Amino acid sequence: MGKYVLITGGTKGIGKAIAYHLGKAGYNLILTYASDDQVAENECRLLTEQYAVIAYPVKADITHKESIDHIHKFLLLKGLKLDALVFNAGITCRDSFESLSVEKWEEVFFANVHFPVFLLQQILPCINPGGSVVFTGSLMGIHPHSVSLPYGVTKSAVHSLVKNLVKFLKPYKVRVNGIAPGFVDTEWQKTKPAEIRKNIENKLSLERFCEPEEVAEVYKMLIENSYLNGEIVVIDGGYSYK
């Protein structure tokens, strides 16, 4: 039957890179996405054709509580047991502090913190003993940033969540770790003006953005290394060097 991995936000950006990296290694995939049916179906078709794995698209918006039940019901309907769960999907809000509303603050917290907590709670019985959970944190959860207050605070919460969940997942024999990526060269980052990209690169020891495939390798390592537990792996190219 093979091994199965569920990746939230698995059809674009970092999630897509993780899906292809794991698909190449022979993992079957369940990829959630928010809205673009055509893109999701196309990516799953390509993964199946290229790597001869099973790839299911599951429409699930992380800002909607109902998506938790939808994902759970899908796993039960297909009779699937997971070997890994990757929480990759997240949202941000770039409103100024002065204009930030309670509604926007709560939406980012729900998507980035509440949703993964209660999805994990719901589908934990669907994760095989010896399985792995990997959260996506952020460099912005470590180094304060002026662009998005709710994003930085929620990612700090994600880092803390990883540490705390170790004790709660121990009885299930499930490991939990997190990754704090820096600036990854996804489609979204490529839209940044050249001047802004250069300013970021000047702060990095390696003087370049991370390739999506490079960060995907770290997710695979955390899934497969059976002794890593409760760790936040920072992959930022030496951001704090300068």
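Structural notes, computed from the coordinates. (Residues numbered from 1 in each chain as written. Predicted model: local features only at pLDDT ≥ 70, side-chain atom pairs only at ≥ 80, totals over all residues. Heavy atoms only, no water.)

### As for the packing of aromatic side chains
Reasoning step 1: Applying the stated criterion to the full structure yields seven aromatic pairs.
Reasoning step 2: Measuring from centroid to centroid gives 6.3 Å for Tyr20 and Tyr51, while their planes differ by 80°, and the two rings are edge-to-face. In this pair, Tyr20 is assigned in helix α1 (residues 13–24) and Tyr51 in helix α2 (residues 37–51), connecting sequence segments 31 residues apart.
Reasoning step 3: Taken together, Phe183, Phe209 and Tyr239 form an aromatic cluster joined through their ring pairs.
Reasoning step 4: Positioned above the aromatic ring of Phe209, the side-chain terminus of Arg197 is 4.2 Å from the ring centre. (Phe/Tyr/Trp six-rings, centres within 6.5 Å; stacked < 30°, edge-to-face > 60°. Helix = DSSP H or I, 4+ residues; strand = E, 2+ residues; numbered from the N terminus. Lys NZ or Arg CZ within 6 Å of the ring centre and 35° of its normal.)

### A few points about unusual backbone geometry
Residues apart from glycine generally show negative phi values, whereas peptide bonds are mostly found in trans.
Reasoning step 1: Its identity is not glycine, yet Ala52 carries a phi of approximately 55°, on the positive side.
Reasoning step 2: Tracing the backbone through its elements, the reader meets Ala52 in the loop between α2 and β3 (55–59).
Reasoning step 3: Phi angles above zero are rare outside glycine, and Lys173 is one such case at about 60°.
Reasoning step 4: Relative to the helices and strands, Lys173 is located in the loop between α5 (149–169) and β6 (175–181).

### A closer look at the sheet that holds strand β7 (residues 232–235)
Consider a sheet: its strands pair through backbone hydrogen bonds, and that pairing is either parallel or antiparallel.
Reasoning step 1: Pairing is parallel in the open sheet, where seven strands are placed in the order β3-β2-β1-β4-β5-β6-β7. Each edge of the open sheet carries a strand with a single partner, namely β3 and β7. Between one strand axis and the next, the sheet turns by 20° as a mean value, whatever way the strands run.
Reasoning step 2: Sitting on the sheet, α1 touches β1 (4–7), β2 (28–33), β4 (82–87) and β6, and the angle it makes with β1 is about 175°.
Reasoning step 3: Lying over the sheet, helix α4 (residues 102–123) contacts β1, β4 and β5 (127–136), oriented at roughly 170° with respect to β4. (Pairing = 2+ DSSP bridges. Axes fitted to C-alpha atoms, helices over the stretch in contact; angles between N-to-C directions. Contact = heavy atoms within 4.5 Å.)

### Examining the environment of Pro212
Reasoning step 1: For Pro212, the location among the structural elements is in helix α8 (residues 212–224).
Reasoning step 2: Owing to a relative accessible area of 12%, Pro212 belongs among the buried residues under this scheme.
Reasoning step 3: With 27 residues separating them along the chain, Pro212 and Asp185 place their C-alpha atoms 6.2 Å apart.
Reasoning step 4: Those residues in contact with Pro212 that sit more than four places away from it in its chain are Ala17, Val184 and Asp185. (Buried < 20%, exposed > 50% of the residue type's maximum accessible area, 1.4 Å probe, protein only.)

### Digging into the state of the cysteines
Linking two cysteines covalently via their sulfur atoms produces the bond known as a disulfide.
Reasoning step 1: Within the structure shown, the criterion is met by zero disulfides.
Reasoning step 2: Summary of cysteine pairing: Cys126 is not part of a disulfide, and the nearest cysteine sulfur, belonging to Cys44, is at 19 Å.
Reasoning step 3: The class of Cys126 is buried, set by a relative accessible area of 5%. (Disulfide = S-S within 2.5 Å.)

### Topic: the packing of helix α3 (residues 66–78) against α4
Reasoning step 1: Their axes nearest at 10 Å, the elements α3 and α4 cross at an angle of 30°. Here α3 is positioned roughly parallel relative to α4, judged by the angle of their axes. Crossing hand, α3 versus α4: right-handed. Listed contacts from α4 to Ser67, Ile68, Asp69, Ile71, His72 and Leu75 of α3 are Phe115, Phe118, Leu119, Gln122 and Ile123.
Reasoning step 2: Its residues assigned to classes, the contact of α3 with α4 comprises seven nonpolar, three polar and one charged. (Parallel < 35°, antiparallel > 145°, perpendicular 65-115°, else oblique. Left-handed = near helix turned anticlockwise from the far one by under 90°. Nonpolar A, V, L, I, M, F, W, Y, C, P; charged D, E, K, R; others polar.)

### A word on the nonpolar core
Reasoning step 1: Counting residues in hydrophobic clusters, the biggest one holds 32 residues, and the most contacted among them are Ile30, Leu120, Val133 and Phe135.
Reasoning step 2: Per element, the largest residue contribution to this core is six residues, and it comes from α4.
Reasoning step 3: Aside from chain neighbours lying at most four places away, what touches Leu120 is Leu85, Phe87, Ile127, Val133, Leu165 and Leu169.
Reasoning step 4: In terms of nonpolar packing, the next biggest core, distinct from the first, is built from 27 residues, Ala17, Tyr27, Val184 and Leu222 among them. (Core = buried A, V, L, I, M, F, W, Y, C linked by side-chain atoms within 4.5 Å.)

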